[in-house]
Amino acid sequence: LVEVQFKGDRKDFYINSENLDIQHGDIVAVQGDKSGHDIGKITMIGELVALQMVRKKRDTQKDPLKKLYRLASEADKEKWKLAIQNEDGILEKAKSIIEDFKLEMKLADVEFQGDKSKATFFYTANKRVDFRELIREYSTQFGVRIEMRQIGARQEAAKIGGIGSCGRELCCSTWM
């Protein structure tokens, strides 16, 4: 069992069915949500992962573990770094498109899948938002599959980061 961390605070559990020789900190390619693959960094291996899964109440019967494919190649890493570099510009453009559509929602972050086949936009909204037209526009503008994921205020704070009342970096951004 392996825990892999992606951009910021997103982590998930995977199975090393190929028995690859991996270590903490390795950059790996893993099975994507619906298709393709994602690139992330190994944060935990073995028995600790099993304990973490129990603590987070992860039911592998309902939600089976995805596979760890391989150590990331140099091409994988380059594509991943390029996607990360483009995320800020795409986020700004996406925010301006929301203003054009006059939707009552706030984009917090965008995250590209490691193979650049899908972009997930994280947003907050006080009420239900019909963004079907927005997804069509994003897909046309950015040339990838689009997923919209609503998050709460605390998750937004964890993604964006910041300084707490204690004067230190937010706990939800660092160790939680």
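Refer to the structure above for everything that follows.
Residue indices follow the written sequence of each chain, beginning from 1 at its first position. Thresholds applied to this predicted model are a pLDDT of at least 70 for local features of residues and 80 or more for the giving and counting of side-chain atom pairs; totals over whole chains, interfaces and linings are not thresholded and use all residues. The basis for every side-chain value is the complete set of heavy atoms in the structure, and neither hydrogens nor water enter the calculation.

## Things to note about the packing of aromatic side chains
To keep it simple, the criterion reads: Whether two aromatic rings pair depends on their centres lying within 6.5 Å, for rings of Phe, Tyr and Trp, where Trp uses its six-membered ring; planes under 30 degrees apart make the pair stacked, over 60 edge-to-face, and the rest tilted. Note on exposure labels: buried denotes an accessible area under 20% of the residue type's maximum, exposed denotes more than 50%, and partly exposed covers the range between, all computed with a 1.4 Å probe on protein chains only.
In this structure the tally under the stated criterion is five aromatic pairs. Each ring, one from Phe 6 and one from Tyr 14, has its centre 6.2 Å from the other, and the planes form 75°; the classification is edge-to-face. Its relative accessible area of 6% is what places Phe 6 among the buried residues. Here a set of aromatic residues connected by ring pairs shows up, and it is made of Phe 121, Tyr 138 and Phe 142.

## Quick notes on the sheet that holds strand S4 (residues 37-45)
Quick note on the threshold: Strands qualify as paired when DSSP identifies two bridges or more between them. Helix numbers and strand numbers start at the N terminus; a helix is a DSSP run of H or I with at least 4 residues, a strand a run of E with at least 2. An axis is simply a line fitted to the C-alpha atoms; with a helix, the fit covers only the stretch in contact. Between two such axes, the angle follows the N-to-C directions and lies from 0 to 180 degrees. Any two residues having at least one pair of non-hydrogen atoms within 4.5 Å are treated as being in contact.
Pairing within the closed barrel is mixed, and its five strands lie in the order S1-S2-S5-S3-S4. The average angle at which neighbouring strand axes cross in this sheet is 55°, direction not considered. Bridge count for strand S1 (residues 2-5) against S4 is four bridges, and the pairing is antiparallel. Among the inter-strand pairings, Val 2 is bridged to a residue of S4, identified as Ile 45. Taken strand by strand, helix H1 (residues 47-55) contacts S1, strand S2 (11-15) and S4, and its axis lies near 100° from that of S4.

## As for the pairing of strand S7 (residues 118-124)
To keep it simple, the criterion reads: If you view a crossover with the strands going away from you and the path from the first strand over the helix to the second runs clockwise, you call it right-handed.
Within S7, seven of the seven residues are buried, which leaves the element mostly enclosed by the surrounding structure. For strand S6 (residues 106-112) and S7, the ladder comprises six bridges, and the chain directions are antiparallel. Across the sheet, the residue bridging to Asp 109 is Phe 122, located in S7. Relative to strand S8 (residues 145-150), S7 runs parallel, the two sharing six bridges. If you follow Phe 122 over to S8, its bridge partner there is Arg 149. Following the backbone out of S7, through helix H3 (residues 132-142) and into the adjacent parallel S8, one traces a crossover that is right-handed.

## A few points about the side chain of Gln 52
In this structure, Gln 52 sits in helix H1. Classification of Gln 52 as buried rests on a relative accessible area of 16%. In this structure, Gln 52 is in contact with Glu 3, Phe 13 and Met 44, ignoring residues within four places of it in sequence.

## Topic: H1
The condition is simple: Our arc is simply the arc of the directions from the helix axis toward the C-beta atoms.
Of the positions making up H1, those classed as buried are Val 49, Gln 52 and Met 53. Looking straight down H1, one finds that the buried residues subtend no more than 100° of arc, so they occupy a single side. The outward face of H1, more than 90 degrees from its buried face, is lined by the exposed residues Glu 47, Leu 48, Leu 51, Val 54 and Arg 55.

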